[in-house]
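Below are the chains, spelled out letter by letter.
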Amino acid sequence: MNANQKKTARMIDQTLLKADVTEEEVEAFCTTAAKYGFASVCINPAYVPLAHKILKNTKTKTCTVIDFPLGAGGLTSKAYGASAAIASGADEIDIVADIGLLKAHQFRAFRTQLAHIMRTVERSSAHRAEKKSERVIVKIILETCLLTDEEIVAACKECVRCGVDFVKTSTGFSTGGATVHAVKLMRQTVGDSCKVKASGGIRTASDFKAMVNAGADRIGTSRGVKIVDALAK
């Protein structure tokens, strides 16, 4: 791969979150992801141990989703899911925000929930069987297609206050995905305090470039191979 392809791959969370995915598909998916050098593979929690086994000696991390795709499982479910995923080998976790709290403008309750989750991640990271120096990366999925600009801004500010690593646009399972507008708004709000992940409907190299230009640090897509291959020339 050329330098541009390698740089692009390091910004992509190669994603496989289908309900009907098999163990054999996950194994092949992880092997290909490691070959391309993607930042991570984002897979369902059941496959974290398998992905971790395949990827542990590569540059590609194991990422999974928590309380996906609705974010309505409650704090106990979120915290347990995060702890279990980390114990299974997850290096990064993408947690769906409680959208109901944000729509109700219960931002203090949202902050309390985030703070509890971050403490859980800190404890779970410290007790991993494989000792690592870094804490597990936390990305909070805001499902921006369901929020007003004001709600997006408020949610991003709470994420910054709680030390979240990334704010993320979308699950890809709701009424819309990432938009340039949402990414720009998130970037403007968080500044350098945390990173921005654009995800949902990003299928081409042009989509990738638009999101990066808008301020995204990481891209979630199931089309990572296609995007990187398009930059071969």
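Below is a short write-up of the structure. (Residues numbered from 1 in each chain as written. Predicted model: local features only at pLDDT ≥ 70, side-chain atom pairs only at ≥ 80, totals over all residues. Heavy atoms only, no water.)

With respect to topology, eight strands assemble into a closed barrel ordered E1-E2-E3-E4-E5-E6-E7-E8, the strand pairing being parallel. Averaged over all pairs of adjacent strands, the angle between their axes in this sheet comes to 25°, without regard to strand direction. As defined by bridge partners, strand E1 (residues 12-16) adjoins strand E8 (residues 218-221) across three bridges and the pair is classed as parallel. Bridge pairing links Gln14 to Thr221 in E8. Strands strand E2 (40-43) and strand E3 (61-66) of the sheet are contacted by helix H3 (residues 48-55), whose axis makes an angle of about 165° with E3. The strands touched by helix H6 (residues 107-126) within the sheet are strand E4 (92-96) and strand E5 (137-141), with E5 carrying the most contacts at an inclination of about 155°. (Pairing = 2+ DSSP bridges. Helix = DSSP H or I, 4+ residues; strand = E, 2+ residues; numbered from the N terminus. Axes fitted to C-alpha atoms, helices over the stretch in contact; angles between N-to-C directions. Contact = heavy atoms within 4.5 Å.)

A few words on helix H2 (residues 23-36). Compared with an ideal rise of 1.5 Å per residue, which puts 14 residues at 20 Å, H2 spans 20 Å between its outermost C-alpha atoms and is within 8% of the ideal. At the exit of H2 stands Gly37, carrying a positive phi of roughly 75°. (Expected span 1.5 Å × (residues − 1).)

With that settled, consider the pattern of salt bridges. For the coordinates displayed, the defined rule picks out 16 salt bridges. The salt bridge partner of Arg187 is Asp217, with a shortest N-O separation of 2.5 Å. Of this pair, Arg187 sits in helix H8 (residues 180-190) while Asp217 is found in the loop between helix H9 (205-214) and E8, placing the two residues 30 residues apart along the sequence. Residues joined in a network through salt bridges with shared partners are Asp13, Glu92, Asp94, Lys139, Lys168, Lys197 and Arg218. (Salt bridge = Lys/Arg side-chain N within 4 Å of Asp/Glu carboxyl O.)

Turning our attention to the side chain of Arg187. Arg187 gets classed as buried once you look at its relative accessible area, which sits at 19%. Once you skip the residues sitting within four places of it in the chain, Arg187 turns out to touch Cys194, Lys195, Val196, Ala214, Gly215 and Asp217. (Buried < 20%, exposed > 50% of the residue type's maximum accessible area, 1.4 Å probe, protein only.)

On to the packing of helix H7 (residues 149-161) against H8. At a minimum axis distance of 9 Å, the contact between H7 and H8 shows a crossing angle of 40°. Classified by the interaxial angle, the pair formed by H7 and H8 is oblique. Seen from above, H7 lies across H8 with right-handed handedness. Contacts from Asp149, Ile152, Val153, Cys156, Lys157 and Val160 of H7 reach H8 at His181, Leu185, Met186, Thr189 and Val190. Across the contact of H7 with H8, the residue classes tally to seven nonpolar, two polar and two charged. (Parallel < 35°, antiparallel > 145°, perpendicular 65-115°, else oblique. Left-handed = near helix turned anticlockwise from the far one by under 90°. Nonpolar A, V, L, I, M, F, W, Y, C, P; charged D, E, K, R; others polar.)

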